[in-house]
Amino acid sequence: MIDIQISENPLVPQTCQDAVADPSAGGAVIFLGTVRNQTKGKKVIKLEFESYVPMAVKEMHKIAETIVTKWGALHVSMHHRIGLLEVGEIPVIIAVATAHRQAAFEACQYAINTLKETVPIWKKEIFEDGAVWVSAHP
Amino acid sequence: MKIKIVPFGIAKEIMQGSNITLDLDVSASIADLKKILKEEYPDFERLNSLKFAINENYEADHFQMQEGDEVVIIPPVSGG
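Residues numbered from 1 in each chain as written. Chains lettered and ligands numbered in written order. Predicted model: local features only at pLDDT ≥ 70, side-chain atom pairs only at ≥ 80, totals over all residues. Heavy atoms only, no water.

Another aspect to go through is the pattern of salt bridges. Residue and element names in this part refer to chain B. What the rule picks out here adds up to 14 salt bridges over all chains. Among the ionic pairs, D23 bridges to K2, the shortest N-O distance being 3.5 Å. Residue D23 is found in strand β2 (residues 20-23), and its partner K2 is found in strand β1 (residues 2-7); the two are separated by 21 residues along the sequence. Among the residues examined, D23 registers a relative accessible area of 57% and is labelled exposed. (Salt bridge = Lys/Arg side-chain N within 4 Å of Asp/Glu carboxyl O. Helix = DSSP H or I, 4+ residues; strand = E, 2+ residues; numbered from the N terminus. Buried < 20%, exposed > 50% of the residue type's maximum accessible area, 1.4 Å probe, protein only.)

Written out as structure tokens, the structure reads:
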């Protein structure tokens, strides 16, 4: 089962855990991204996430389908939040359940790495004295 | 032909927030569009990457647009 969501509401890890629960799974790896309080020593106040939602959902589906095909995942749940997030909040959750744990670790890492490369979501770091779109410039 | 341009993220700031409609030569490609945008908005040159999507799919430089297409500008993504 593939469960993809982009939401303006706080993400709930238990929801993703429940989405990948399966009696034939030997384990589930759940990655939680969290908003860090600094970037290169500069204090971050908030993050703002923007997305081209229909395409982001499509690209996240592609990642999940690859995980099912390549790692034999039983279930994949990927939730991403958009809007304004405070330090400590969760912008992304990825849960992968597989028969054996090694595949779940690898697949989960693939998912977050690929999401950061292909999914049309943009993050703006808001500092005390301004804001920067992450990764925009060299 | 008329092509609607929809920017996201920093592209929206570079274009001062606006969706615009461009009148391009028939069968203009993504490469042609990229050139026109970089001439009009030189700040696009400074980005790490500049991609384009039509119908929610990334399209490469050689892709030829059609009248009425909506082209989404995808600056460097940074989700997660």
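Another aspect to go through is the sheet that holds strand β5 (residues 70-74) of chain B. Read across the sheet, five strands follow the order β2-β1-β5-β3-β4 (chain B) without closing on themselves; strand pairing throughout is mixed. Each of the sheet's edge strands pairs with one partner strand only, and the pair in question is β2 and β4 (57-59) of chain B. Each strand of the sheet is rotated relative to its neighbour by a mean of 40°, with strand direction disregarded. Alignment of strand β3 (residues 51-54) of chain B against β4(B), held across three bridges, turns out to be antiparallel. The residue of β4(B) that forms the bridge with I54(B) is N57(B). Helix α2 (residues 53-71) of chain A rests against β3, β4 and β5 of chain B of the sheet, and its axis sits at about 90° to β4(B). (Pairing = 2+ DSSP bridges. Axes fitted to C-alpha atoms, helices over the stretch in contact; angles between N-to-C directions. Contact = heavy atoms within 4.5 Å.)

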